[in-house]
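Here is what each chain is made of, one letter per residue.
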Amino acid sequence: MSKCSHASVLAAVMMLGLPAAVHAQDRPDARGLDELIPEAAVENPEEWAQEGISEQAAEDAERPPQIDSDAPLGDMPLVTVEWPEEIGFAEIEPVEAGEPIEFATFKDEIPPIPAGSEERISDELILVFPNDRVLFPERDKFLDRFDALSTIEELDDDGNVARLAVQARSDQALLEELLRVYGYFNATVTRTIGNVDQAVEADLERPAARFDVQPGTRYRFGAIDLGNLEAAGSNYETLRAAFDIQSGDFISLDAIEQEQIDLDVALGENGYPFAAIEEPDLLVDHDRQEGDLTMPVEPGGLYNFGAVTSSLPEFLSGRHLSRIARWDPGDTYQRSDEEDLRAAILATGLVGSVVLTPVVVEEPANGQPGVVDIQAELTEAPLRTLAGNIGIGTEVGIRLEGMWEHRNLFPPEGLLRVRGIAGTQEQLLGVTFQKNNFLGRDRILTLDAFATTIDTDAFDAQTVSLVGNYERQSTLLFQKPISWGGGFELVATRESELTTDGIESPTTDFLVAALPGYIQFDSSDDLLDPTEGIRARIAASPEISRVFGENTTYLKLRFDLANYQQVSDGVVIAGRVRFGTIQGGELDAIAPSRRFYAGGGGSVRGYGYNAIGPADTLGEPSGGRSLVEASLEARVRTGFMDGAISVVPFIDAGTVSDETLPDFGTIRFGAGVGVRYNTTFGPLRLDVATPLNPGPNDSWIAVYVALGQAF
């Protein structure tokens, strides 16, 4: 057709009041002008248009009359319907008060619920998954997570279908959200309320919620954009490996969160104190069934440690804080070392708060790291403590104890403590000077001077002692594989024993000088509650004792070994042995305070403190020159109080002899059971034990309460 012919036809179309254009993309069945306009219209447009007008008028005549909205109501045509003579309604029986309302089920009228692998979480909550576990391998973890968060599971099953329906909607949204967490973005969850268990008869009074889960296809990671991470240069590969998500991996929102944390830790541990990571963004493309991950990262420059500076240099100097720190100037910055320093400063007990801030003193340049000092902003804590306690017992009488200390009288960390005891059997006055973190982290210098008198039914003693010690200790912050200590002891004691008639024997003066020392190896996994590893300790003390006007030298040795084995998730078997001997010197030439004793909560349970071994004429323990102890216990964690309670059956054995080698013929056994309550600062211990072969003065039961395990 020509353009003129089309123009004539369009003019005719406009005369008919038809639209002048039709877009094929707007109508799926749209046709072209060649199909809409016949050949007759092209040959004679005016005649064709006039025929169209006549046909339109005929069609209008056949339509019902239109109502004019502005016409009066009386002029509107009305259609009437005759009212029926009788209308019948079905009679409904009244429901008596208190009669339960039953909910009908349409088990035979609705399509059957698709078959699948059913997981019944409770009487009113059922989840159904595809039979093939390969389609949803995260099923077990998914179920545990849903069970912990389910709204239905929060409330008791009261059989209320309205409550269940409301909670089921919330649980359906939870299921859909959890499926997206695991990367299933086209999953479907079908919710059914009522009698949803096809395997049993209907129980109309106990409705349940059933969710049929079709996970669909698990999406994968597409492009991964980590911003400016490549600016880390030679450290890029290490940092990128810390973010363990690659294109093509299955999507997991948990993995994104965890890998963001891992990357942040890696940046902080590899010299980037000013690194910044923005929140990740996942763009899901359903056509590709992939998600593109964007997480902008800015490393912020590589730095080494410099010095530590203090806001209170007269109180805790920067030099002292540098001694506490685990790094040396020039070491690569590590955030964990910074946090460790903060914890160590708080552990001194001298500050109430501490804020550590990296301060740039030298920018990175020419491929070399920069330098940051660590500025410590400190606030002082109360430094003085006054404490006391009072006790009374049938065996020890009245005991009053008091203590005053100043924890930083001689800065930095120079403690002075004064303590005293006033009691029926014991009186003491002592002064202690202690320097913490002296010449190194966790190294302690202690000088202790005290005078004491002890009056018991077995003996009287008046003692003056001066003790000095320097040691490297394990702490809860820094459990060390090797710890050690050494020092000196100067002891002057005057003692007298009582005879069977209550007559005091002549006094004996002992002058003792000793150089005690120890070394300990510790591979255990916890200082207070170990479950794996070995502890071995050797202590030696060469001593000289002057008694009866003569000098006696001897060597006191003690060896301790403990082993811990976790045999299952909730059971730890722990065992220990102890051996001690004093080589050289007769028993009478060794002061009672220097001898070996056994019995008690940290020794052989079931017996009194130091009650095992040789005794004097009144049956009181007198100690010996050799010692052997052994213990075996099972630490069984229970489900009580979320696993905080453990039950510990145990058996102990021990003996003390006058000779340098033990006499196993007099070994004592004790057995019992204990309870442990695990706290954030270690287990609280309660042990109840009984002696298996008691002596004449042993009680039939003993109870021990303490902090930490027995060994």
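Not measured: the values here are computed from a predicted model.

When helices and strands are counted, the chain shows 10 helices and 29 strands. If you take every contact in the chain between residues at least 6 apart in sequence, the share linking residues at least 24 apart comes to 57%. As presented, the chain carries roughly 40,600 Å² of accessible surface, and 56% of it is formed by carbon and sulfur atoms.

Our focus in this paragraph is the side chain of Thr151. Topologically, Thr151 is positioned in the loop between α5 (139-149) and α6 (161-181). Here the side chain of Thr151 touches Ser170 through a polar contact of 3.1 Å, side chain to side chain. Beyond its immediate stretch of four places on either side in the chain, Thr151 contacts Gln167, Ser170 and Asp171.

Right, let's talk about helix α10 (residues 335-347) for a bit. Across its 13 residues, α10 extends 18 Å between first and last C-alpha, which sits within 8% of the 18 Å expected from 1.5 Å per residue. Looking at α10, one finds that the buried residues are Asp337, Glu338, Asp340, Leu341, Ala344 and Ile345. Buried residues of α10, viewed axially, fall in a sector of 160°; they line one side. Turning to α10, the residues buried within the fold contact β10 (303-310), α9 (318-324), β11 (351-362) and β12 (370-380). Phi turns positive, to about 75°, at Gly349, one or two residues after α10.

The next thing to look at is the nonpolar core. In this structure, Leu316, Leu321, Trp327, Leu341, Ile345, Leu356 and Leu378 are the most contacted members of the largest nonpolar core, which totals 22 residues. Listed by contribution, the elements that provide at least two residues to this core are β10, α9, α10, β11 and β12. Per-element tally for this core: the top contributor is β12, with 4 residues. Core analysis: the next-biggest nonpolar cluster, separate from the first, contains 21 residues, Phe129, Leu179, Tyr184 and Ala209 among them.

So, about the layout of surface pockets. Reported here for the second largest pocket is a volume of approximately 440 Å³. In this structure, the second largest pocket is lined by 19 residues; those nearest its centre are Gln520, Arg535, Arg537, Asp560 and Arg578. When contributions to the lining of the second largest pocket are tallied by element, the ones reaching two or more residues are β21 (517-522), β22 (533-547), β23 (550-568) and β24 (571-583). Looking at which element gives the most residues to the lining of the second largest pocket, the answer is β23, with 5 residues. Grouping the amino acids of the lining of the second largest pocket by side-chain chemistry returns 9 nonpolar, 3 polar and 7 charged.

Turning to the pattern of salt bridges, a few remarks are in order. Per the counting criterion, the structure on display carries 36 salt bridges. The network of salt bridges with shared partners includes Arg605, Glu633, Arg635, Asp652, Arg676, Arg685 and Asp687.

Before going further, it helps to examine the sheet that holds strand β8 (residues 290-294). With mixed pairing, the 3 strands of this open sheet are ordered in space as β5-β8-β7. Each end of this open sheet is capped by a strand with a single partner; those strands are β5 (220-225) and β7 (281-285). Direction aside, the axes of adjacent strands within the sheet are offset by 25° on average. Across 5 bridges, the pairing between β7 and β8 is antiparallel.

One can find Glu124 in the loop between β1 (117-122) and β2 (125-129). Of the residues examined, Glu124 reaches a relative accessible area of 3% and is grouped as buried. Within the local environment of Glu124, its side chain forms a polar contact with the side chain of Arg163, the two groups lying 3.3 Å apart.

A complete count under the given rule lists 12 aromatic pairs for this structure. The interplanar angle of 85° and the centroid separation of 5.4 Å between the aromatic rings of Phe274 and Tyr303 together place this pair among those described as edge-to-face. Here Tyr303 lies in strand β10 and Phe274 lies in the loop between α8 (253-269) and β6 (276-277), a separation of 29 residues in the sequence. For Phe274, a relative accessible area of 34% puts it in the partly exposed group. For Tyr303, a relative accessible area of 4% corresponds to the buried category. The interplanar angle of 90° and the centroid separation of 6.1 Å between the aromatic rings of Phe438 and Tyr470 together place this pair among those described as edge-to-face. Placement of the pair is Phe438 in the loop between β16 (426-435) and β17 (443-455) and Tyr470 in strand β18 (residues 459-472), with a sequence separation of 32 residues. Cluster of aromatic residues (ring-pair linked, three or more members): Phe129, Phe136, Phe142, Tyr182 and Tyr184.

The rules behind each value
- Residues numbered from 1 in each chain as written.
- Predicted model: local features only at pLDDT ≥ 70, side-chain atom pairs only at ≥ 80, totals over all residues.
- Heavy atoms only, no water.
- Helix = DSSP H or I, 4+ residues; strand = E, 2+ residues; numbered from the N terminus.
- Contact = heavy atoms within 4.5 Å.
- Areas by Shrake-Rupley, 256 points an atom, 1.4 Å probe, with all protein chains shown as cover.
- Polar contact = N/O pair within 3.5 Å; in protein donor to acceptor, adjacent residues only side chain to side chain.
- Expected span 1.5 Å × (residues − 1).
- Buried < 20%, exposed > 50% of the residue type's maximum accessible area, 1.4 Å probe, protein only.
- Arc of directions from axis to C-beta.
- Core = buried A, V, L, I, M, F, W, Y, C linked by side-chain atoms within 4.5 Å.
- 1 Å grid on protein atoms, 1.4 Å probe; cavity = no way out; pocket = protein on both sides within 12 Å on 5 of 7 lines; lining within 4 Å.
- Points joined across faces, edges and corners; volume = space filled by probe spheres on them.
- Nonpolar A, V, L, I, M, F, W, Y, C, P; charged D, E, K, R; others polar.
- Salt bridge = Lys/Arg side-chain N within 4 Å of Asp/Glu carboxyl O.
- Pairing = 2+ DSSP bridges.
- Axes fitted to C-alpha atoms, helices over the stretch in contact; angles between N-to-C directions.
- Phe/Tyr/Trp six-rings, centres within 6.5 Å; stacked < 30°, edge-to-face > 60°.

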